[in-house]
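Okay, here's what each chain looks like letter by letter:
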Amino acid sequence: MSLISVTLPDGNVNEYAAGITCSEVIIDVLGKKNGCVAAMVDGHERDMSYQLLDSCMIEGIKAESDAGMYILRHSTAHLLAQAVVELYPNAKPTIGPPVDRGFYYDFAMEPLLESDLKAIHKKMQEIARRNLTLERVELDEAELREHFASNPYKLEIIEDKVGAGSGSTIYRQGDWYDLCLGPHVPSTGKLMFCKLTSVSSAYWRGDQSREQLVRIYGIVEPTKDALKQTLHKMEEAKKRDHRKLGKDLQLFHIDEEVGQGLILWTPRGAIIRQELQNFIGEHLTRQGYSQVFTPHIGKLDLYRTSGHFPYYQDSQYPPLVEKDLMRKLSEEGCSCSELSNLMKTGDIDGYMLKPMNCPHHVKIYASQARSYRNLPIRLAEFGTVYRWEQSGEISGMTRVRGFTQDDAHLFVTEEQIGQEVLGCIELVQIIFEKLGMVDYRVRVGLRDPDSTKYVGDPDRWHKAEQACREAAASLGVEWSEEEGEAAFYGPKIDFVVKDVIGREWQLGTVQVDYNLPERFDLTYKGSDGELHRPVMIHRAPFGSMERFCGVLIEHFAGRFPTWLTPTQCHILTISQKHTDYANHVAAKLKENGIRVEIDDGDDTIGKKIRTHRKLHPAYMIILGDGEAESNTVSLRGRNGDQIADIPLDEFVRDICSEITKKSAKPSLV
RNA sequence: GCCAACGUAGCACAGCUGGUAGUGCGUCGGAUUUGUAAUCCGACGGUCGGGGGUUCGAGUCCCUCCGUUGGCUCCA
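Cut-offs and rules
Residues numbered from 1 in each chain as written. Chains lettered and ligands numbered in written order. Predicted model: local features only at pLDDT ≥ 70, side-chain atom pairs only at ≥ 80, totals over all residues. Heavy atoms only, no water. Near = heavy atom within 4 Å. Polar contact = N/O pair within 3.5 Å; in protein donor to acceptor, adjacent residues only side chain to side chain. Helix = DSSP H or I, 4+ residues; strand = E, 2+ residues; numbered from the N terminus. Domains from an automatic or database assignment. Pairing = 2+ DSSP bridges. Axes fitted to C-alpha atoms, helices over the stretch in contact; angles between N-to-C directions. Buried < 20%, exposed > 50% of the residue type's maximum accessible area, 1.4 Å probe, protein only. Contact = heavy atoms within 4.5 Å. Phe/Tyr/Trp six-rings, centres within 6.5 Å; stacked < 30°, edge-to-face > 60°.

### Let's talk about the protein's contact with RNA strand B
For RNA strand B, the set of nearby residues contains 52 residues, the closest of which are S391, E393, D602, K607 and R610. If you look at RNA strand B and keep only atoms within 4 Å of the protein, 48% of those are sugar or phosphate atoms. Interatomic distance of 2.7 Å between a side-chain N/O atom of S201 and a base oxygen of RNA strand B. In the model, a base oxygen of RNA strand B is placed 2.8 Å from a nitrogen or oxygen of the Q576 side chain. Looking at the surface near RNA strand B, the elements with two or more residues in it are β14 (194-203), β15 (212-220), α7 (242-248), α18 (605-613), α19 (625-630) and β33 (632-636). A total of six residues in the surface near RNA strand B trace back to one element, the largest contributor, which is α18.

Structure (structure tokens):
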């Protein structure tokens, strides 16, 4: 038998007889498997049982590594499928991939209930305990078809993915097997520590016109402890959910009688929003923006020119029609579809709730003759827009039907694009940094080189794309280029953050636009005395106040920094004879612009603390005889720490300074 | 929009196979006047998401609409 040279991660080279398995090499080197579930051989993931026939480089893949977790999840998806088929013999497994935080498997079967998961989980554990070996088997096309003869979904995959004439592999565990390329863990015993998290539905191949499948989601970890930890984290994440905290902290309300996806900002939430808007406003002024105000509606004609109507009719609220016209049309027996057609053709006019602020801002630009000396012109507005999101998509504050963008439109010359894009993203960065949001990524959306859907000259596109790239690269955070993700009217930079349950949300965006200036025939006079076309940049560093606040609530878990928190000080009296002093302290704080709430009720101090801590004020101020006599306050912080008898003036000075500095955390206790 | 589950007082929940609604917190009233995570007593509060049906009788079963949640699809 021939010998092969196997290069190890540390650079050492061992010689083995050809045909040795990954597992044997790893055990030979380490004396044990050391938690490896698979191996990386010359850059390819392989099973532990994979035989090495040629000289190669090898490295073990540990279960807890990213690649290892992926394999663990994938194998657990198989385990799930086997369990489901054993319990429901008519269920047909379709696909079951690993995903970021776990895995899922889709089955063609009768709908399941959440409560059925328990039995399935039990079955999975039973199979895991059988410790079945996962065996890779290569089959030719005919054999594959024979193995999956009763499963049309697998046959379809064989048809499409495997291709005519070629074979593929299956993985067998006990008497069950699945079509799969692997790799997998060596045996089902590695998959003990899993949990099924939810059951929902999905379409076969994500196609709405095809069969509805039952999707089961689950998670898995290499050890019991890790599973416990992950479950604990999931519980913690649930507590931070902005929908729950928003209710508990009285930040916003959604009322079904008002409408789905329409946020009512209650007084406490409104403070947070106002503070954020003030904060952005300061930076807008510094960066040379002009603030404008525009109404919530505009004529259909405006949106015909901009292109929003009727091309995006599906995602807009239906147009508003003047009442006399409506009456006349209705007397004439005009049907809804006729009305809709008349609107499309422009034969009748109406108004639209604005889906975007840009047309209004364009009109402000166009209201005067502009010169190159005026550019860039930067128009900013907290503009509320309305979009008809699909009902199933609406969620809390993060996906809504009416929202306020921290919007601005910059009208610039071609040469100014780079510098202005940079200015926009610097603003985003300043704001994210101040709020401690460091876990975000940047996506640069570029043209799909094969598509012709884009408007504007390719050379200009190229320059704008380059400007976006350079701007993104200058940020010093993770960024990626994504071809085909540009808007049809220009390249863009998106800021994406994760919420506590791992969902990613696009917040800020900066988009270059060649289209609207063209459609509205915008011009400026250049130094050459000729008229030129400006370029527009759309930007919204927070995306929308609704979504941003939703994400912020989760980011801070409801414990906002002093400058943002709705009530900064809760004054609690020891007994009712301290009410006068409490009012004195409150007045002093309010004079200094500090938001205060007093509780001078007849509850015990313990009870008051318990009540008020639920609202997470920056500080609780406890006032009794001692404080009243010496004109001091005693503080209690969020973590329960206490400081007694701080002179009132000193406290006012310190908290004011903390607020002015927009400190990340209350730090006076 | 599609699939599934869910929808009981302001909030969190209980209510078995149909017999006509309970608990805790909150609120209000009374007592208490308290020094750092629940003082005691009492009261108010629900046409059980809306509408329709089955039944002698429905929070409990069926239909339908609305909403919420988890996914899918979509997102200028």
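### Examining the domain arrangement of chain A
Examined at the domain level, chain A breaks down into domain 1 (3-62), domain 2 (67-237), domain 3 (268-296 + 355-555), domain 4 (297-353) and domain 5 (569-660). Centre-to-centre, using C-alpha coordinates, domain 3 lies 42 Å away from domain 5.

### Description of the sheet that holds strand β12 (residues 168-173)
Taken together, three strands build an open sheet; the order of strands is β11-β12-β13 and the sheet is antiparallel. The open sheet terminates on both sides in strands that have one partner only, identified here as β11 (134-139) and β13 (176-179). Shown here is a sheet whose adjacent strand axes are inclined to one another by a mean of 30°, direction ignored. Note that β12 and β13 share four bridges and pair antiparallel.

### Points about the environment of D513
Structurally, the position occupied by D513 is in strand β26 (residues 504-513). On the basis of relative accessibility, which here comes to 1%, the residue D513 falls in the buried class. Separated by 24 residues in the primary sequence, D513 and Y489 place their C-alpha atoms 5.2 Å from one another. Apart from the residues within four sequence positions on either side, D513 is in contact with Y489, V535, M536 and H538. Separated by 2.8 Å, the side chains of D513 and H538 make a polar contact.

### A short note on the packing of aromatic side chains
As enumerated under the stated definition, the model contains 16 aromatic pairs in all. Geometrically, the ring pair formed by F432 and Y440 is edge-to-face, given 4.7 Å between the ring centres and 85° between the ring planes. As far as burial versus exposure is concerned, F432 and Y440 are alike and both buried. Three or more aromatic residues joined by ring pairs form one cluster here, namely F432, Y440, F495, F542 and F548.

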